[in-house]
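Geometric and topological summary
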Amino acid sequence: MRNKITLFFLVCSFLSFGQKIKPKAEFVNDLISKMTLDEKIGQLNLPTSGDITTGQASSSDIAKNIAEGKVGGLFNIKSVEKIKEVQRIAVEKSRLKIPLLFGMDVIHGYETTFPIPLGLSCSWDMKLIEKSAQIAAQEASADGINWTFSPMVDISRDPRWGRISEGSGEDPYLGSQVAKAMVNGYQQNDLSKNNTLMACVKHFALYGAPDGGRDYNTVDMSRIKMYNDYFPPYKAAVDAGVGSVMASFNEVDGIPATGNKWLMTDVLRKQWGFKGFVVTDYTGIPEMIAHGMGDLQTVSALALNAGIEMDMVGEGFLTTLKKSLAENKVTLAQINNAVRLILEAKYDLGLFQNPYKYCDVKRARTEVYTTANRTEARKISAQSLVLLKNMNQILPLKKSATVAVIGPLADAKENMAGTWSVATNMDKSISLIAGIKEVVGNNAKVLYAKGSNLDYDAVFEEKATMFGKTLHRDNRTQEELTNEALKVANQADVIIAALGESAEMSGESSSRTNLEIPQAQKDLLQELLKTGKPVVLVLFTGRPLVLVQENETVPAILNAWFAGSEAGYAIADVLYGNENPSGKLTTSFPRSVGQVPIYYNQKNTGRPLMNKEGKFEKFRSNYIDERNEPLYPFGYGLSYTNFDYSNLKISSDKMNFDEKLKVSIDVANTGNYDGKEIVQLYIRDLVGSVTRPLKELKGFQKIFLKKGEVQTVSFEISVEDLKFYNSDLQFVAEPGQFEVFVGKDSAVENKVSFGLVK
Ligand code: BGC
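Computed from a prediction, not measured in an experiment: that's the story for all the values here.

**Regarding the domain arrangement of the protein chain**
For the protein chain, the domain assignment lists domain 1 (374-586) and domain 2 (641-757). The distance between the C-alpha centroids of domain 1 and domain 2 comes to 36 Å. Taken together, the contacts link six residues of domain 1 with 10 residues of domain 2. The contact between domain 1 and domain 2 buries some 680 Å² in all, and 40% of this surface belongs to carbon and sulfur atoms. Its largest share of buried area at the contact with domain 2, domain 1 owes to Asn 580, Ser 582 and Lys 584, together 66% of the area lost on that side. On the surface where domain 1 and domain 2 come into contact, there are one salt bridge. For Lys 584, the salt bridge goes to Glu 677, with nearest N and O atoms at 3.2 Å.

**Re the pattern of salt bridges**
One pass over the structure, following the stated rule, counts 40 salt bridges. One salt bridge in this structure joins Lys 235 and Asp 239, with 3.1 Å as the shortest N-O distance. In this pair, Lys 235 and Asp 239 both sit in helix α10 (residues 232-239), four residues apart, roughly one turn of the helix. Note that Lys 530 is salt-bridged to Glu 527, the shortest N-O span being 3.0 Å. Residue Lys 530 and its partner Glu 527 are located together in helix α22 (residues 519-530), separated by three residues, close to a single helical turn. Its relative accessible area of 63% is what places Lys 530 among the exposed residues. Assessed through its relative accessible area of 27%, Glu 527 is described here as partly exposed. Through salt bridges with shared partners, a single ionic network connects Arg 163, Glu 166 and Glu 508.

**What to know about the packing of helix α19 (residues 432-440) against helix α24 (residues 567-575)**
Here α19 crosses α24 at 50°, and the two axes come no closer than 7 Å. Our classification of the angle between α19 and α24 gives oblique. Read as a crossing pair, α19 and α24 show a hand that is right-handed. Together, Leu 432, Gly 435, Ile 436, Glu 438 and Val 439 of α19 and Gly 568, Tyr 569, Ile 571, Ala 572, Asp 573 and Leu 575 of α24 make up the contact between the two elements. The residue makeup of the contact of α19 with α24, split by class, is seven nonpolar, two polar and two charged.

**Details of the nonpolar core**
Counting residues in each nonpolar core, the largest one holds 131 residues, and the members touching the most others are Trp 147, Phe 204, Phe 231 and Phe 277. Ranked by residue count, the leading element in this core is helix α7 (residues 126-142), at nine residues. Here this core spans two domains, and each of domain 1 (374-586) and domain 2 (641-757) adds at least three residues to it. The residues contacting Phe 231, other than those within four sequence positions of it, are Phe 204, Ala 205, Leu 206, Met 226, Trp 262, Leu 263, Val 267 and Trp 272. Counting residues in hydrophobic clusters, the runner-up holds 79 residues, among them Ile 116, Ala 489, Val 554 and Phe 589.

**What to know about the site of the ligand**
Taken together, the neighbourhood of the ligand is formed by 14 residues, with Asp 105, Arg 163, Lys 202, His 203 and Asp 281 sitting nearest. At 2.5 Å, a side-chain N or O of Asp 105 approaches an oxygen atom of the ligand. In the environment of the ligand, an oxygen atom lies 2.7 Å from a nitrogen or oxygen atom belonging to the side chain of His 203. Computed on the free molecule, the ligand has an accessible area of 310 Å², of which 95% lies beneath the protein chains in the complex. Considering only residue class, the shell around the ligand consists of seven nonpolar, two polar and five charged.

**Re the sheet that holds strand β9 (residues 277-279)**
Taken in spatial order, the three strands line up as β5-β6-β9 in an open sheet, and their pairing is parallel. Of all the strands in the sheet, the pair left with one neighbour each is β5 (200-204) and β9. Pairwise comparison of adjacent strand axes, ignoring direction, gives a mean angle of 25° for this sheet. Strand direction decides the pairing type here: β5 and strand β6 (residues 244-247), joined by three bridges, are parallel. When the sheet's bridge partners are listed, Val 201 is paired in β6 with Val 245.

**Some words on α10**
Taken residue by residue, α10 has Pro 233, Tyr 234, Ala 236, Ala 237 and Val 238 as its buried positions. In the core, the buried residues of α10 are packed alongside α8 (172-187), β5, α9 (223-230) and α11 (261-271). Taken from the residues just after α10, Gly 241 is the one with a positive phi, measuring 90°.

**Considerations on the confidence of the model for the protein chain**
Of the residues in the protein chain, 96% reach a pLDDT of 70 or more, and the chain-wide mean stands at 96. Predicted confidence is poor over residues 1-17, with pLDDT under 50, and the contacts of this stretch with residues over four places away or in other chains come to four contacts.

**Quick notes on helix α17 (residues 371-384)**
Between the first and last C-alpha of α17 there are 20 Å, a value that for 14 residues agrees with the 20 Å anticipated at 1.5 Å per step. Along α17, the residues that are buried comprise Asn 373, Glu 376, Ala 377, Ile 380, Ser 381, Ala 382, Gln 383 and Ser 384. The secondary structure elements touched by the buried residues of α17 are α6 (117-121), α7, β11 (386-390), α24, β20 (675-685) and β21 (696-705).

The rules behind each value
Throughout, a residue's number is its position along its own chain's written sequence, starting from 1. At least 70 in pLDDT is required for a residue's local features to be given in this predicted model, at least 80 for side-chain atom pairs to be given and counted, and no such filter applies to totals for whole chains, interfaces and linings, which use all residues. Excluded from the side-chain calculations are hydrogens and water; all other atoms, namely the structure's heavy atoms, are used. For the domains described, the bounds stem from an automatic or database domain assignment. The criterion used for residue contact is that any of the two residues' heavy atoms lie within 4.5 Å. By buried area we mean how much accessible surface two parts lose on assembly, using a 1.4 Å probe and totalling the loss over both. Put simply, a salt bridge is a Lys or Arg side-chain nitrogen that is within 4 Å of an Asp or Glu carboxyl oxygen. Secondary structure elements follow DSSP: runs of H or I of four or more residues count as helices, runs of E of two or more count as strands, with numbering from the N terminus. Only protein chains enter the accessibility calculation, which uses a 1.4 Å probe; a residue is then buried when its area is under 20% of its type maximum, exposed when over 50%, and partly exposed in between. As a rule, the C-alpha atoms of each element are fitted with a line to give its axis, helices using only the stretch in contact, and angles between N-to-C directions run from 0 to 180 degrees. When an angle is under 35 degrees it counts as roughly parallel; over 145 it counts as roughly antiparallel; between 65 and 115 it counts as roughly perpendicular; any other value is oblique. Helix crossings fall into two classes, left-handed where the near helix is turned counterclockwise from the far one by less than a right angle and right-handed where it is turned clockwise. Gly counts as polar in this scheme, as do all residues outside two lists: the nonpolar Ala, Val, Leu, Ile, Met, Phe, Trp, Tyr, Cys and Pro, and the charged Asp, Glu, Lys and Arg. As used here, the term nonpolar core means buried Ala, Val, Leu, Ile, Met, Phe, Trp, Tyr and Cys residues forming a set that is joined through side-chain atoms within 4.5 Å. Here, proximity means that at least one heavy atom of the residue falls within 4 Å of the molecule or strand. The term polar contact refers here to a pair of N or O atoms within 3.5 Å; inside protein, the definition further demands a hydrogen-donor-capable atom paired with an acceptor-capable atom, and it admits residues adjacent in sequence only when both atoms are side-chain atoms. To measure how exposed things are, a 1.4 Å probe is used in the Shrake-Rupley method; for residues, cover is taken only from the protein chains shown. For two strands to be treated as a pair, DSSP must find no fewer than two bridges joining them. Confidence of the predictor in every single residue is expressed as pLDDT, which spans 0 to 100. A helix is expected to reach a length of 1.5 Å times the quantity of its residues less one.

Encoded structure:
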């Protein structure tokens, strides 16, 4: 009897939720054979949702286009109710009932927001990074989304570029690990589940290296540099099975990426074996007109010929492909191939079986911004914070001390989530002051003063606080603001200065030529220091800043990035020692903007500096007004405890191509706290057929050591770790001598060496 009931329910659920469906190739072929040319071209079109509201969706212009089969997907439409309504138009009103993709920039979380990607990468914790993407996928998919425009894996070595905040910093090895973790987190290797998302790795390629750090600007790079330094994270995402790729705005080797056949077909498909579809970035196709590639019809054909399948917002495909086909500028086979890849993605997502698979209104109510997800975010956010300085162990603070929290970022919940947080509820984010109050409870007095605006210039502040991310500009004079701040500061035992950038000072189209903290805040900080009270600088930023003055004058600096919806809690957890900071920089902090681009894995030049103190040497590669090295190097970050490294060993001084070597080191926690340490391994290839970097990260381990504990950390080196692209762009390892460095950051000097022999 029981079995019969089960069977009955199984049949019912099968009938209501799914229809029997043919295998992918057969299904997609059948469908394509039924499609008109217009319907095919319609699938290649990805408009933005505009400001569609529930109830209006069915009467909008987009609705008309959807019903006519002119839309393949929509993006940045929030809420399952709206998505369901729009999907219904596609499924009930269009002739072939092809469901839509629903994309969104789910970049670092959904409503539960994690640190900006640059911050997240500083955790060096791939499990946590994957977890953050998995939670983002769970929440976004519960609210109707099935496709995210993430991960953004553009290597950047230029902090002037505002979008450095959206990536994982300067290193190809670390960047590749993060790319993989993010794709796995979103896709969970199973797009047929209703709580995963199809990922879209972007921006292919080289978007992070624009001339002068100016967004969208020209990129000019040798192929050897592309392959060795900039391509690896994109390739890692492809290797991890990413479902889609987004073309970048910039040119690559003189041809915009969106129209670049070498990039999209030879590299991406032929060399890397990518099987999904490529979407342009926002109006990427018509932008090729301004790049000087021809009129709309020409650039649209160029994009299709290059290997682009979907046109985001540009409507170049929609309005010109038919004509280009008639004029033999594109082929029907190309159009069919593009349609096929998009339909296959929809098939993989299970949309043909159940177009409403992601439209379970109940899930949206129970799986988004949950206590469990927020708790996880609080933990993850704490791991992204980087302690830059801590003189005389000022930190952690005592919960009993009266604290003055001062600065324009102290009470700024709208700014905590950071750039590209489309789905976050800014209103509910935890400000620093709210976080501190929660963590100290009734133990201490928490005082507050704004102290200054973001900067003196109100017009600048307006540009830097767009999209509702206001800092509530105060109209009092700076003198009035300073006086109030000093009054508050004088009542406290310790001052926390919450300063830096606003969330929208980084991100898209937020390039800067000046990398200092804005002057009004720098001035405020110096006033606070004059009180003689201990000052802790909690730095908010979406990019490396020039902190020379702060490093000289402020006893403690905690870099908080923009740590997401739970930022205030996470920062307070670290300030008060509930969490011991363990983040390490994934991007170098320059001493001066003139050093940019700056990165640890640089080459030696024929005239390297001979002295280690950084003293000027005439006719050597240096500056007359600044040292060469950054203020804080890649991999740098302090803890409340101390870690001592000793006993670096290598299992042999020789290695064959099919052998592996073991490198080990003892790490001791010699301080007063339990803590996590990120142990880093770098390799230098001493002689090559092409010039090789001074150091390259090839391994890392994040370990936890109790106070007083010692652990031997081991790494394995294989020939794969020694390979690079030579001048023929072959991926090879060459026999010769190598040095291996193991330590706490990229400035490590402790090394052993070995020879690779044939
Ligand atoms: C950005 C992309 C983003 C897209 C869609 C563009 O302006 O460059 O990163 O995914 O907009 O919102």
